[in-house]
Structures are given as C-alpha cells and as structure tokens.
Amino acid sequence: MQMQLVVAAVLAIQQPVPPLPPLPGRFPILVAPQLDALTVAFDGWQGLEGLAGLEGLQGLEGLDVLAVLDPVSPPSGQDGQDPTDSLWRAARQAFNRGDYTSAANLYGDLMRRYPTAARAGDALYWAAFALYKNDNLDRARSLLVTQERQYPKAATLRDATALFARIQTALAKQGDEDALRWLRDHAQPAESTRAGSCPSEDDEDDLRVAALNGLLQMDASNAVPILKKVLARRDACSAGLRRKAVFLVSQKHSSETEAILLDAAQHDPDPEVRQQAVFWLSQVPTDRAVGMLDSILRTTDDAELREKALFALSQQHSPRAGQILRTYAENANAPSEAREKAIFWLGQQTDEELKEKVIFSLSQMHDADNNRWLMEIALNERESIEMRKKALFWAGQTGGDLTQLSGLYDRMQNREMKEQLIFVYSQRHEAAAVDRLIQIAKTEQDKELRKKAIFWLGQSHDPRAAQVLLEIINQ
C-alpha cells in the first residue's frame, strides 16, 4: 500500500498543470495562481490521516487513494458514481477539521481534473473560502474572479459575491489600492440603472450593498468620503443604498459625522432616509444635534419623523435634551400620541430626581394620558418602590379612576405598595373608597395592613366606618 502512495505521488509530479485562461468579465482581470501538483499530492496524503477516524495507513484499504492523489487519471469507481466524489469528500473533510491548506489544494485539484463537472465551479468557491480562512487573500480573490467568469451558473455564485466583498474589504484595510478602488466603485449605484435592479438596503446579495457593508470594517478616513458620495445622490433608485449609508455614517466617529447626518435629515428626498438620519442622530451627542432634533420636533408634520426625533433626544443624556422632552410632554397643543412617546422616554431615564420632577409636573396636568402613565409607573416592578409609591400617590391625588385604583390592591404583591394604596383610598371622598377600606379591614390576612385600614376608617366621617369599627370591637 505504501508503494501505491509513492507511485501515485510520482505520477502526480510528472503531470503538467494546465493554466486557467483569463476570461473577460466585470471583475478586475486577475489570474488564479496555479496549484503545485506536488503540494496537492502530499497535502492530500497528509490530510488522509484524519479521514473517517482512520489511523495512519492501516485503515486505507477500501479508500480510493489514487482518486485523491492522482491529478489526471479518473477514478475507477462503480458505474454511475460521480467521478468527483472522492476528491469532494476528502476536500470537505479537510475543510471541516480546519486543514484549510489541504482543502484548498484538493478543491483546486478537482476543478483542474474535471473542469466540466457539475461541482467544478463550486469547488473554486470552496477553494477560495479555504484560502480566505488562511489569510491568503490575493489567491482567494483570483479564484473567485475565475469562478465568476468561467462558471457563471455555479450554485455558489451568490455566496461568492459576498465572500469577494469580504476579501476586498480585508485587502483594502491592508492598503490594497485595487481593493479600495473596487469598494469605492461598487458602493455607488451606476449613473444609469437598469429597471428592476434598484437595491434594497437589506439585499445582502446585491454587490453594491455588499460593498457598502465592507465599509463598516474600514477606518473613517477611507469610508466617509465614499459614504458622502453615496448620500449626495438624489435619484430614487439609490434610496436603498442611501439608507444603508446613513447607518454606516453613524458608526464612523469623524468630524463630519454630525454634518452628514444633519444634511440627510433635512434634505434627502426619501422620507425613510430622513427618518433614519434623525434616528441615528441619537449617536451624536452634540449641542448642534440636540438643537436640530428640537427644531424637527416642533416643526414637522411627519409623525414617523417626530417619533424618531423623540427617541434620539431620549438617548442624548444631556440636561437640554431632557428639558426639551419635558417641555414637549407638557405641551397641550402637541399631538397626544407624540406626548405619550415623550412621557414614555422620560420614564426610561435613570435619574431618580429627574423622574420625580417629571411625575410631579405631569400630575399637575389633568389629562387622561398622564394618569395612565402614572398608573403604568406604579405597576412597573422594574422601577424603585419609592418611585412607584410617588406615582401611585399622584395618581390618587389627581382624580385617577377609583375603580382601577381599587382593583390594584389584589394585584399588588409588595407590602409597601399595599400600604400606600390604603393611604390613597383614605384620601378619596367617594363611597367606593370607604367600601375598599372596610373590605381590607375585615378580610386582609396581614394584621399590620388590617390595622392601617382600621386606623384610616377611624378618620372617616362615613357612618358605615363607625359601624364596622364597632363590629370589630365586639368580636
């Protein structure tokens, strides 16, 4: 068996490796480097050590070794068997165990030996992928160029497009001028775009979107000029790319980030681009950005844009932004849904003192939306007990729905909150409030809470309260 391996290796060395002819295409003209037959033979030999759990040469009986090592002679497999099976299986197993050098050589060997086989085009993709995993970027790029030109119907062609963009991005980061030029060219739509080919920002299969995604990995000095050119377009077909570009700009912390987003928020003809620009202004903590968001909030008639501005302000974490939200929440002339949003975002603030001021401020405005928000704070177990108690107190003081307040008692699990509810009932003058205190005084299992209810019944001038107290005394 060892002699067969040596013979196979010698045969492989003697066989010439035909070069791949360059073909015209839309990628730059790059020629895939030839894979050395000796490397293929001996890398394949070494890779067999881990196949199917075999140890050394003892388990190689039954394995068509020549199918792996001989780059020219076709295997003598059974009738109907795909002649590429042995090479494909060996290459795949090498790839799966992380032996990317052997995998690249074996996939490349398959393509050279069987250039018309159904798997030949896909073998080029997997060889390129293995080379990419080994950081052999130039060689990987060349193989993808060959696949795109020579095997345009390969099943992996879309995956190859995404891989090509990743490789170009990595090369551009290393200073490769061709790769940087490719990213710059493909991140922008052509001046005249064919009907039906306008990309969506979520279309990861589109080469332009893939190129834009590549810019996320590049430094701001190289990426921002390209993104500015994309956002300077005003045609409808580039709207999807501009939406993607707005997000990418927000992730690049450069001196131009603020100006680019502000320009897009004000002047882009696409409503969604404007909304996304306003949304991502939340990542720009400057006074100018806060001022622009305030202006949008006060002047726009676009409900979506207004909502994005409220969110962006809530993320600014500056006193001025907080004051703008509070002022808007208190503005009786503002749309009620927008005021609700402002109240909601104010409620997410972590500053307890600020929250307390907001709760008090809203409690002074007799508005159903404000009362509902106070009740939500009271029920929110993520809030501190003190904040929930304050919200509950002001909900009771400002004429909150007593039926709803009465129903809260049985839903509350926290003893302090139940005690606060007893106090809230004691401050209301409706008969239903006395009824609730009487029920607690008679049926509550917690003795201390019963005593609280009895105490407040003693402060009531309702005749029923006196009768209940007498019944309790006579027990």
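The text that follows walks through the structure, step by step, so that each part is easy to find. It should be emphasised that the depicted structure is a prediction, and the values quoted were computed from it without experimental measurement.

What counts, and where the lines are drawn
- Position numbers for residues count from 1 along each chain, tracking the sequence in the order it is written.
- For this predicted model, a pLDDT threshold of at least 70 governs which residues receive local features, and a threshold of 80 or more governs which side-chain atom pairs are given and counted, while totals over whole chains, interfaces and linings are taken from all residues.
- Calculated side-chain values reflect all of the structure's heavy atoms, with hydrogen atoms and water omitted.
- Helix numbers and strand numbers start at the N terminus; a helix is a DSSP run of H or I with at least 4 residues, a strand a run of E with at least 2.
- Each helix should span, by expectation, one fewer than its residue count multiplied by 1.5 Å.
- Residue burial is assigned from relative accessible area. The probe radius is 1.4 Å, only protein chains are included, and a residue is buried under 20% of its type maximum, exposed over 50%, and partly exposed in between.
- The arc in question is traced by the directions running from the helix axis to the C-beta atoms.
- One side-chain nitrogen of Lys or Arg within 4 Å of one carboxyl oxygen of Asp or Glu is enough to make a salt bridge.
- Every residue pair with non-hydrogen atoms within 4.5 Å of one another is taken to be in contact.
- Where helices are involved, their axes are fitted lines through C-alpha atoms of the stretch in contact, as for all axes, and angles between N-to-C directions lie from 0 to 180°.
- Oblique is the label for any angle not under 35 degrees, not over 145, and not in the 65 to 115 range, which are roughly parallel, roughly antiparallel and roughly perpendicular in turn.
- Put simply, a crossing is left-handed when the front helix is turned counterclockwise from the back one by less than a right angle, and right-handed when it is turned clockwise.
- Two N or O atoms form a polar contact when they lie within 3.5 Å of each other; inside protein one atom must be a possible hydrogen donor and the other a possible acceptor, and for residues adjacent in sequence the pair counts only when both atoms belong to side chains.
- Stacked, tilted and edge-to-face are the three classes applied to pairs of Phe, Tyr and Trp rings, where Trp contributes its six-membered ring and a pair requires centres within 6.5 Å; stacked means planes under 30 degrees apart, edge-to-face means over 60, and tilted covers the rest.
- Two cysteine sulfur atoms form a disulfide, by the criterion used here, when they sit within 2.5 Å.

**Thoughts on helix α25 (residues 447-458)**
Right, so step 1: Here α25 spans 16 Å end to end across 12 residues, near enough to the 16 Å set by a 1.5 Å rise per residue.
Right, so step 2: Within α25, the full set of buried residues consists of L449, A453 and L457. Down the axis of α25, the buried side of the element spans an arc of 80 degrees, and every buried residue falls inside it.

**So, the pattern of salt bridges**
Right, so step 1: Per the stated rule, a full pass over the model turns up 27 salt bridges.
Right, so step 2: Note that K389 is salt-bridged to E416, the shortest N-O span being 3.5 Å. Taken together, the residues K389 in helix α21 (residues 385-397) and E416 in helix α23 (residues 415-426) connect sequence positions 27 residues apart.
Right, so step 3: Residues joined by salt bridges that share partners form a network here, namely R234, R242, D263 and D268.

**Topic: helix α12 (residues 239-250)**
In an α-helix there are 3.6 residues to a turn, and that puts residues three or four apart on one side.
Right, so step 1: With 12 residues, α12 ought to run about 16 Å at 1.5 Å a step, and its terminal C-alpha atoms sit 17 Å apart, in line with that.
Right, so step 2: A large share of α12 lies buried, amounting to 10 of its 12 residues.
Right, so step 3: Among all positions in α12, only A239, G240, L241, R242, K244, A245, V246, L248, V249 and S250 are buried.
Right, so step 4: Buried residues along α12 sit against α10 (207-215), α11 (220-232), α13 (257-267) and α14 (271-280).

**A closer look at the packing of helix α9 (residues 177-186) against α10**
Right, so step 1: With their axes 8 Å apart at the nearest point, α9 and α10 run at an angle of 125 degrees to one another. Regarding the angle of α9 to α10, the classification is oblique. The chirality of how α9 crosses α10 is left-handed. Only L207, R208, A211 and L215 of α10 make contact with α9, whose side of the interface consists of W182, L183 and H186.

**Some remarks on the environment of K389**
Right, so step 1: By relative accessible area, which is 18% here, K389 ends up buried.
Right, so step 2: Considered as a pair, K389 and E416 are 27 residues apart in the sequence and their alpha carbons are 8.2 Å apart.
Right, so step 3: In this view, K389 contacts E416, M417 and Q420; residues no more than four positions away in its chain are not counted.
Right, so step 4: Only 3.5 Å separates the side chain of K389 from the side chain of E416, close enough to count as a polar contact.

**With respect to the packing of aromatic side chains**
Right, so step 1: Tallied over the entire structure, the rule returns 16 aromatic pairs.
Right, so step 2: Ring geometry for F164 against W182: centres 5.3 Å apart, planes inclined by 65 degrees, an arrangement best described as edge-to-face. Linking F164 in helix α8 (residues 157-173) with W182 in helix α9, this pair joins segments that are 18 residues apart in sequence. Of the two residues examined, F164 and W182, each falls in the buried class.
Right, so step 3: Taken together through their ring pairs, the aromatic side chains of F95, Y100, Y125, W126, F129 and Y132 make up a single cluster.

**A word on the state of the cysteines**
Right, so step 1: Taken as a whole and assessed by the stated rule, the structure comprises 1 disulfide.
Right, so step 2: In this model C198 forms its disulfide with C237; the gap between the sulfur atoms is 1.9 Å. Residues C198 and C237 are joined through a disulfide that is left-handed, its torsion about the S-S bond being -120 degrees. Of this pair, C198 sits in the loop between α9 and α10 while C237 sits in the loop between α11 and α12; the two residues are 39 residues apart in sequence, bridging distant segments of the chain.
Right, so step 3: Overall, C237 belongs to the buried group, its relative accessible area being 12%.

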